[in-house]
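# A structural walkthrough
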Amino acid sequence: MNKKISIRKAQNGKGLFTNKYFKKDEIIFKVKGILFPVAKEKNLDSKTIANSIRYSPKQYLNPAGELADFLNHSCNPNCVIKKTRSSLYVFGIKNIAAGSEITMDYSTIIAEDDFWKMKCNCHNKNCRNIIEKFNSLPKNLQERYKKLEAVPDYILQN
């Protein structure tokens, strides 16, 4: 798949791990998958819903079988997903050492009209215990993610 990244056993099932050092702001990989409409979400199985990424106000991207399918959450992430033109990319928000798990904060891609949430077990000292909508984050964390341009405009407008 990708020589810079490998899929290995992680704290939460399988995860993505770096095979090389990534610099802050470096693209780690392009997110690939199949687009489907938001309206269809209510009719999908729980695994598809849990693993899909909000692509736009009206679409999700299902990365089943692709790298992003193994992108785990952390309340202290080292990457974010950003949309550039019509593609999603995973960017480092700090330097990432070789052998590290690549993680993101799922709340940055959960809009006000999403109904998905999960119990967190990232075990970080700043763990929020429940992962849900961006607007549920503490204000200082919302501001941090806004400065990193880690939150799509349609989520910020709600």
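Note: the structure precedes this text.
This structure is a prediction, so every number in the text was calculated from the model and none was measured.

### A look at the pairing of strand β6 (residues 59-62)
The side chains of a regular strand alternate, first on one face of the sheet and then on the other. Of the strand pairs in this sheet, strand β4 (residues 34-37) and β6 are connected by four bridges, and their pairing is antiparallel. If you follow L35 over to β6, its bridge partner there is L61. Connecting strand β5 (residues 53-56) to the next strand, β6, in antiparallel fashion are two residues.

### A closer look at the sheet that holds strand β7 (residues 72-73)
The four strands lie next to each other as β1-β2-β10-β7, forming an open sheet whose pairing is mixed. Each edge of the open sheet is held by one strand with a lone partner, namely β1 (5-10) and β7. The pairing of β1 with strand β2 (residues 13-18) spans six bridges and is antiparallel. Following the sheet pairing, R8 is matched in β2 by G15.

### Overview of the side chain of S74
By the secondary structure assignment, S74 is in the loop between β7 and β8 (79-84). Looking at S74, its side chain comes within polar contact range of the side chain of N124, at 2.8 Å. If we ignore the near neighbours within four places in the chain, the residues touching S74 are T103, M104, D105, C122 and N124.

### Quick look at the pattern of salt bridges
Scanning all chains against the criterion turns up five salt bridges. Put simply, R54 and D113 hold a salt bridge, and the shortest N to O gap is 3.0 Å. On the criterion of sequence distance, the pair formed by R54 in strand β5 and D113 in the loop between β10 (101-104) and β11 (118-119) is long-range, its members being 59 residues apart. The salt bridge involving R128 is made with D105; its shortest N-O contact spans 2.9 Å. Of this pair, R128 sits in the loop between β11 and β12 (130-131) while D105 sits in the loop between β10 and β11, placing them 23 residues apart in sequence. Members of the salt-bridge network, linked through shared partners, are R54, D113 and D114.

### Some remarks on the sheet that holds β5
Strand pairing in a sheet relies on backbone hydrogen bonds, with the paired strands running either antiparallel or parallel. Pairing within the open sheet is antiparallel, and its three strands lie in the order β4-β6-β5. A single partner strand is all that each edge strand has here, and the edge strands are β4 and β5. Looking at each pair of strands side by side, their axes are set apart by 40° on average, direction ignored. One ladder, built from three bridges, connects β5 with β6; its direction is antiparallel. Directly across from R54, in β6, lies its bridge partner Y60.

### Some thoughts on helix α2 (residues 139-147)
For α2, the complete set of buried residues consists of L141, Q142 and Y145. One face of α2 carries all of its buried residues, which in axial projection span an arc of 105°. Relative to its buried face, α2 has exposed residues pointing more than 90 degrees away, namely K139, N140 and K147. In the stretch just after α2, E149 is the one whose phi turns positive, near 55°.

Basis of the calculations
- Residue numbering note: each chain is counted from 1, following its sequence as written.
- Thresholds applied to this predicted model are a pLDDT of at least 70 for local features of residues and 80 or more for the giving and counting of side-chain atom pairs; totals over whole chains, interfaces and linings are not thresholded and use all residues.
- Side-chain measures were taken over the full set of non-hydrogen atoms in the model, leaving aside hydrogen atoms and water.
- Two strands are said to pair when DSSP picks up at least two bridges between them.
- Secondary structure elements follow DSSP: runs of H or I of four or more residues count as helices, runs of E of two or more count as strands, with numbering from the N terminus.
- N or O atoms closer than or at 3.5 Å make up a polar contact, with two conditions inside protein: a donor-capable atom paired with an acceptor-capable one, and, for residues adjacent in sequence, both atoms drawn from side chains.
- When checking whether two residues touch, look at their non-hydrogen atoms; a contact exists if any pair is within 4.5 Å.
- Criterion for a salt bridge: a side-chain nitrogen of Lys or Arg within 4 Å of a carboxyl oxygen of Asp or Glu.
- To get an axis, fit a line to the C-alpha atoms, keeping to the stretch in contact for a helix; angles then go from 0 to 180 degrees between the N-to-C directions.
- Here's how the labels work: a residue is buried when its accessible area is under 20% of the maximum for its type, exposed when over 50%, partly exposed in between, all with a 1.4 Å probe on protein chains only.
- The arc in question is formed by the directions pointing from the helix axis toward the C-beta atoms.

Shape descriptors only; they carry no functional weight alone.
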